[in-house]
Amino acid sequence: MAYIKALFSFILAFIQILIPIASVGLSGSDAYFTKWDESTVYTEDYAVELEKNPGEDFVILNLTDIQLSFGEEYGYPGKLAKATVDKLVEETDPDLITVTGDNAWSLDSYNDMIKMLDGYGIPWAPVMGNHDGQGCISEKWCAARFVQAENCLFKFGPEGMGYGNYIINITENGSIIHTLFMMDSHSDIQKTNINGEKGSGYDHFWPEQLKWYEWAVNGIKKTAGKTVESTVFMHIPVVEYKTAWEEAYDIDNSCYKQEYSSSSFGVNHEGVCCAPQNNGFFALCKDLNSTKNMVCGHDHVNSSSILYDGIRLTYGIKCGKGCYWEEEMSGGTTISVGSDGSASIEHIFVAPSELDIK
């Protein structure tokens with residue numbers, strides 16, 4: 001019965017392909033991208049705005065690497081993912097759900113994931129991972145499906161920067177208190193790195209994305225009359241995740257070193273899979289003094305959250321067993337924004353044994 005349902009869903013997925021193809025097209029320019037250059041004037045309507053209730057934290061629930069393959073959504077992996085997210089939503093009552101990439105691995109699982117997240121009636125905002133678009137028509141098809149979802153805030157963003165570079169401003173009483181930068185860290189290296197050298201390995205933000213980020217930080221600062229604290233959501237970690245882990249964690253004694261022990265938590269069970277060269281994004285964030293948190297996915301059994309050189313570098317907790325996983329490291333991560341604009345981060349682990357999966 002499960003395979004029949006999967007086949008039926010796959011046929012429906014192909015029918016649904018016609019909608020994005022008709023409205024977007026799979027080659028050339030399309031209306032979903034925005035035109036941008038450094039001379040563009042930042043205006044308040046450039047970003048999505050979500051209003052925070054005074055006296056209450058604005059709660060963001062981050063999911064990552066759900067990554068179900070064809071047919072898995074009808075078996076145990078899909079039921080586990082749905083039950084996990086159900087419990088997380090019930091427990092955290094989020095104002096926004098973010099998804100930091102490797103969202104799904106096939107047409108039917110993409111459609112099923114979108115249906116699941118849209119069904120909560122909560123705004124949700126994904127970024128692309130290095131596997132998004134694989135097993136589907138294209139990454140553009142995935143992006144178009146996001147745009148068409150009722151509660152999804154995803155935007156294609158500026159042309160020439162990948163898919164899904166967009167901004168969400170959290171406001172209170174009409175004033176911006178915190179900014180969320182949703183950015184595409186791409187897949188394998190496609191462009192030259194900051195040193196002008198070409199190489200192989202994982203990609204990260206391109207030079208034009210750094211210019212766009214700086215333009216936005218300065219534009220928001222001018223609009224708000226102050227530097228607004230921000231969080232960056234991405235899939236592949238910046239190089240500093242690796243540097244921070246090597247500096248902060250005592251591998252021999254399985255604990256954080258004294259100077260990091262009070263400000264860091266979580267553990268890494270695999271290496272940090274970042275780009276081989278540094279693109280300079282972390283240094284730019286330090287210079288602009290806006291971003292205080294970065295949240296990534298990508299490495300499924302890592303959960304470290306390290307305050308490094310003034311910026312907290314956090315791995316979101318993987319949701320479910322898609323691809324590889326560890327049962328004790330499954331769940332989600334909350335980012336809670338207070339009225340002063342500062343954000344606190346917490347991992348929420350959900351053991352499969354806690355769930356009623358039938």
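All values reported here derive from a predicted model rather than from experimental measurement.

Novice: Mind showing me how you'd approach the environment of C152 here?
Specialist: Residue placement: C152 occurs in the loop between α4 (139–148) and β5 (166–172). By relative accessible area, which is 9% here, C152 ends up buried. Separated by 27 residues in the primary sequence, C152 and A125 have C-alpha atoms spaced 5.8 Å apart. The residues touching C152, leaving out its near neighbours within four places in the chain, are D118, W124, P126 and F146.

Novice: Just to check I follow, could you spell out empty space enclosed by the protein for this structure?
Specialist: By rolling a water-sized probe across the atoms, one finds the places where empty space is left. Taken as a whole, this structure holds one cavity of 30 Å³ or more when the rule is applied. By volume, the largest cavity is sized at about 40 Å³. Taken together, T179, F181, V217, I220, K221, T227, V228, S230 and S290 form the lining of the largest cavity. Of all the secondary structure elements, the ones that give two or more residues to the lining of the largest cavity are β6 (175–182) and α5 (207–224).

Novice: Teacher, can you tell me more about a negative patch on the surface here?
Specialist: Together, D37, E38, E214 and D287 make up a negatively charged patch on the protein surface. In this structure, D37 sits in the loop between α1 (2–23) and β1 (48–51). On the basis of relative accessibility, which here comes to 39%, the residue D37 falls in the partly exposed class.

Novice: Help me out: how do you make sense of the side chain of E240 in this one?
Specialist: Considering the arrangement of structural elements, one finds E240 in helix α6 (residues 240–248). One buried charged residue, E240, remains without a salt bridge, the closest side chain of opposite sign being K286 at 8.5 Å. If we ignore the near neighbours within four places in the chain, the residues touching E240 are N278, F282, Y308 and L313.

Novice: Help me understand the packing of aromatic side chains, please; the structure alone is not making it clear to me.
Specialist: In this description, an aromatic ring pair is defined by two values, namely the gap between the centres and the angle between the planes. Under the criterion given, the structure shown has 23 aromatic pairs. Three or more aromatic residues joined by ring pairs make a cluster, and in this case those are Y32, F33, Y110, W124, W141, F146, F154, F156, Y163 and Y166.

Novice: Is there a simple way to explain the sheet that holds β1 in this structure?
Specialist: The pairing of strands in a sheet comes from backbone hydrogen bonds and takes either a parallel or an antiparallel form. The strand order across the open sheet formed by seven strands is β1-β5-β6-β7-β10-β12-β11, and the pairing between neighbours is mixed. The open sheet is flanked by β1 and β11 (305–308), the only strands paired with a single partner. This sheet shows a mean twist of 20° between the axes of neighbouring strands, independent of strand direction. The pairing of β11 with strand β12 (residues 311–315) spans four bridges and is classified as antiparallel. Bridging across to β12, I306 finds its partner in L313.

Novice: Got a minute to help me understand α5 in this structure?
Specialist: For an α-helix, the turn length of 3.6 residues means that residues three or four places apart are oriented alike. An ideal rise of 1.5 Å per residue puts 26 Å on 18 residues; α5 measures up with 26 Å between its terminal C-alpha atoms. Turning to α5, its buried residues are Q209, L210, W212, Y213, W215, A216, V217, G219 and I220. Those residues of α5 that are buried are in contact with β5, β6, β7 (230–233), α8 (281–288) and β10 (291–296). One or two steps after α5, the chain reaches G225, where phi turns positive at roughly 80°.

Conventions used here
Residues numbered from 1 in each chain as written. Predicted model: local features only at pLDDT ≥ 70, side-chain atom pairs only at ≥ 80, totals over all residues. Heavy atoms only, no water. Helix = DSSP H or I, 4+ residues; strand = E, 2+ residues; numbered from the N terminus. Buried < 20%, exposed > 50% of the residue type's maximum accessible area, 1.4 Å probe, protein only. Contact = heavy atoms within 4.5 Å. 1 Å grid on protein atoms, 1.4 Å probe; cavity = no way out; pocket = protein on both sides within 12 Å on 5 of 7 lines; lining within 4 Å. Points joined across faces, edges and corners; volume = space filled by probe spheres on them. Patch = residues over 30% accessible without salt bridge, like charges linked within 9 Å, V, L, I, M, F, W, Y side chains within 5 Å. Areas by Shrake-Rupley, 256 points an atom, 1.4 Å probe, with all protein chains shown as cover. Salt bridge = Lys/Arg side-chain N within 4 Å of Asp/Glu carboxyl O. Lys, Arg positive; Asp, Glu negative; His and termini not counted. Charge placed at Lys NZ, Arg CZ, Asp CG, Glu CD. Phe/Tyr/Trp six-rings, centres within 6.5 Å; stacked < 30°, edge-to-face > 60°. Pairing = 2+ DSSP bridges. Axes fitted to C-alpha atoms, helices over the stretch in contact; angles between N-to-C directions. Expected span 1.5 Å × (residues − 1).

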